[in-house]
Amino acid sequence: MKKRIILTIIGLVTVIAVLGGIKALQIGTMIDHGKKFVPPPETVSTAPVTAESWETALTSVGTLTAVQGVTVAAELPGKVAQIAFEAGAPVTRGALLLRQDTSNEEAQLPGALAEAKLARANLRRSDQLLAEGIIAQADHDSAVATANQAQAQVDNIRATIAKKSIRAPFSGRLGIRQVNLGQILREGDPIVTLQTMDPIYVDFTLPQQQLPQLRKGLTVRVTGDALPGETIEGRVTAINPEVDAESRNIKVQATVANRGETLRPGMFVNVAVGLPVREKVLAIPATAVLYAPYSDSVFVVEDAKDKKGKVLRQQFVRLGTKRGDFVAVTSGLKEGEQVVSTGVFKLRNGQAAVVDNKLAPEFQQAPTPENN
């Protein structure tokens, strides 16, 4: 019995040793194949590193303000007798907006006119009597004062009637109506807002060290959420002479056209002030960059050492400003080098590559993508 057990154990150990040896040979063969395996070349699209001259710009975030904007208010107290405007409608300068009740003033006007007429008649008679030497100069002066006072009373009543007919001080677009018919207005109560929409101001700030580069007349490009895929150009029209003591920024104002009234006061926009000095840069497509926290890199396409095909070399770079589909490279590349333009996340250093630019995208400095 013991002999059978010993033989069985020996047999099992022999089988396990044979199986282990076979598996070790298989693993060794796989390792050898892995060391000798050469991955197939990766098909890539390329773009050259080009030297370009870019316009330099100062960027900021601005706020839109109306060239002229007021809240039309009641100048005198009174009851609203007529509302002559529609909320949100455009108006021209001098257009009637609201009329207050002037029945009291209109009732006083005929009596004041009669007194003024009588005072003028008495003044004419006083002129004749003074010329004939019948009355003293003091009596004539009193008649002149009386006539002037009567006329002033008439003018005062007419001015009150005119002030209760509230008109647009300038052309623009009205806001939401804030009064109702029959409402009793107090002095200064708001009636409606009025804004001039075209042109429109863009107010923004820039650091004080950029002040020497600023001057009136520089081109300003405005973009924003209200202008999807569109850029509006304007001009710098004012530079504040005072620098903010807290932020050390200087306030700048530009004027831009707003013919479609797309831009509205209070909106924020992105502002770029174009400078006359152009910057020489090395530009590559932004999609050619493999962005990483430690450093950004690109893959340069070079000839293999055996001159048989192409290989990829990972090159770390420093990036500058962006312009459309391109980004400037400040160091790491030379003009004329070919870099992989798309799909860089799946590549590795030293990998063989085949260049195929048949389906390469077209890169532009001012792309205009379709809104699909």
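Quick caveat, the model's predicted, so the values are computed rather than measured.

**Let's talk about the UniProt feature "domain: Multidrug resistance protein MdtA-like alpha-helical hairpin" (unreviewed entry) in the protein chain**
Using the residue numbers shown here, the UniProt feature "domain: Multidrug resistance protein MdtA-like alpha-helical hairpin" (unreviewed entry) corresponds to residues 104–162. Annotated as residues 104–162, this span is 92% helix and 0% strand, and its ends, taken at the C-alpha atoms, are 13 Å apart.

**Comments concerning the pattern of salt bridges**
Within this structure, the stated rule accounts for 8 salt bridges. Lys346 is the partner of Glu42 in a salt bridge, and the nearest nitrogen-oxygen pair spans 3.4 Å. One end of the pair, Glu42, is in strand E1 (residues 42–44); the other, Lys346, is in the loop between strand E20 (338–340) and strand E21 (352–355), and 304 residues separate them in sequence. Across the pair Glu261 and Arg173 runs a salt bridge, and its minimum N-O distance is 2.6 Å.

**Comments concerning the pairing of strand E18 (residues 310–323)**
Along any regular strand, the residues point their side chains to alternate faces of the sheet. Looking at chain direction, strand E17 (residues 296–303) and E18 are connected through 8 bridges and run antiparallel. Counterpart to Asp296 in the pairing with E18 is Val317. If you look at the hairpin formed by E17 and E18, you'll find 6 residues sitting between the two strands, and Lys307 has a positive phi there, around 65°. Bridge analysis of E18 against E21 gives 2 bridges, and the strand direction is antiparallel. Across the sheet, the residue bridging to Val311 is Ala352, located in E21. Direction of pairing for E18 relative to strand E19 (residues 326–331): antiparallel, over a ladder of 4 bridges. Residue Arg318 lies in a different strand from E19, and its bridge partner there is Ser331. Two successive antiparallel strands, E18 and E19, enclose a turn made up of 2 residues, where Gly324 displays a positive phi of approximately 65°.

**Re helix H3 (residues 137–163)**
Over its 27 residues, H3 extends 39 Å from the first C-alpha to the last, a length consistent with the 39 Å expected when each residue adds 1.5 Å. Turning to H3, its buried residues are His140, Ala143, Ala147, Ala150, Val154, Ile157, Thr160 and Ile161. Of the surrounding secondary structure, the elements contacted by the buried residues of H3 are helix H2 (103–131) and strand E8 (165–167).

Quick notes on the rules
Residues numbered from 1 in each chain as written. Predicted model: local features only at pLDDT ≥ 70, side-chain atom pairs only at ≥ 80, totals over all residues. Heavy atoms only, no water. UniProt positions renumbered as here; feature names shortened; annotations may be inferred. Helix = DSSP H or I, 4+ residues; strand = E, 2+ residues; numbered from the N terminus. Salt bridge = Lys/Arg side-chain N within 4 Å of Asp/Glu carboxyl O. Pairing = 2+ DSSP bridges. Expected span 1.5 Å × (residues − 1). Buried < 20%, exposed > 50% of the residue type's maximum accessible area, 1.4 Å probe, protein only. Contact = heavy atoms within 4.5 Å.

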